[in-house]
Amino acid sequence: MGKFIEDFKAFALKGNVVDMAVGVIIGGAFGKIITSLVNDIIMPVISLCTGSANFSDLKTVLKPEEVDAATGEVLREAVTFNYGMFIQNIVDFFIIALCIFIALRYTMKFMKKEEKVEEEAPAAPEPTKEEVLLTEIRDLIAKQNQQK
């Protein structure tokens, strides 16, 4: 049992697992932001053009509901083809994909700029022949002093 716990601790505390967990949490929060963007900003504009407040309400009734004439009780629910929900999910997907693409694109541009700054930093110049020779002499003197 002790080996199992040690293995689990090693797995759970690996950097990749922790990074993945942080990514999932941030992704969930990002998903809520995008859902709000779609539902509260984009869809009202689209509804002005289409006349429908939400695509998810669009459906075709294949078989109407059966209602008891005497009591008004619904005996069987209507059978519907809910194509609007499918369209809504496609719209949501493309907007989420676009937002992620834009965020990643700017992140990658920022990272490339940082890499260029690091690359532009001047590298240490190669030592001259004289410096190499002096270094070798220094090392030989130090070695002789150690042997005494």
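It should be emphasised that the depicted structure is a prediction, and the values quoted were computed from it without experimental measurement. (Residues numbered from 1 in each chain as written. Predicted model: local features only at pLDDT ≥ 70, side-chain atom pairs only at ≥ 80, totals over all residues. Heavy atoms only, no water.)

Let's talk about the nonpolar core
- Grouped together as the largest cluster of nonpolar side chains are 7 residues: Ile-34, Val-38, Met-43, Phe-55, Val-91, Ile-95 and Cys-99.
- Counting residues per element, the ones that place at least two in this core are helix H2 (15-50) and helix H3 (83-120).
- With near-sequence residues (within four places) excluded, Ile-34 lies in contact with Ile-95, Ile-96 and Cys-99. (Core = buried A, V, L, I, M, F, W, Y, C linked by side-chain atoms within 4.5 Å. Buried < 20%, exposed > 50% of the residue type's maximum accessible area, 1.4 Å probe, protein only. Helix = DSSP H or I, 4+ residues; strand = E, 2+ residues; numbered from the N terminus. Contact = heavy atoms within 4.5 Å.)

Examining the pattern of salt bridges
- This structure, assessed with the given rule, holds 3 salt bridges.
- Ionic pairing is found between Lys-3 and Asp-7, a salt bridge with its closest N-O pair at 3.3 Å. Remark: Asp-7 and Lys-3 occur in helix H1 (residues 2-12); sequence separation between them is 4 residues, near one turn of the helix.
- A salt bridge links Glu-66 to Arg-76; its shortest N-O distance comes to 3.8 Å. Of this pair, Glu-66 sits in strand S2 (residues 66-67) while Arg-76 sits in strand S3 (residues 74-76), placing them 10 residues apart in sequence.
- Take Arg-76: its relative accessible area is 52%, and that puts it in the exposed class. (Salt bridge = Lys/Arg side-chain N within 4 Å of Asp/Glu carboxyl O.)

Observations concerning a positive patch on the surface
- On the surface, Arg-105, Lys-109, Lys-112, Lys-113 and Lys-116 cluster together into a patch of positive charge.
- Structurally, Lys-116 is set in helix H3. (Patch = residues over 30% accessible without salt bridge, like charges linked within 9 Å, V, L, I, M, F, W, Y side chains within 5 Å. Areas by Shrake-Rupley, 256 points an atom, 1.4 Å probe, with all protein chains shown as cover. Lys, Arg positive; Asp, Glu negative; His and termini not counted. Charge placed at Lys NZ, Arg CZ, Asp CG, Glu CD.)

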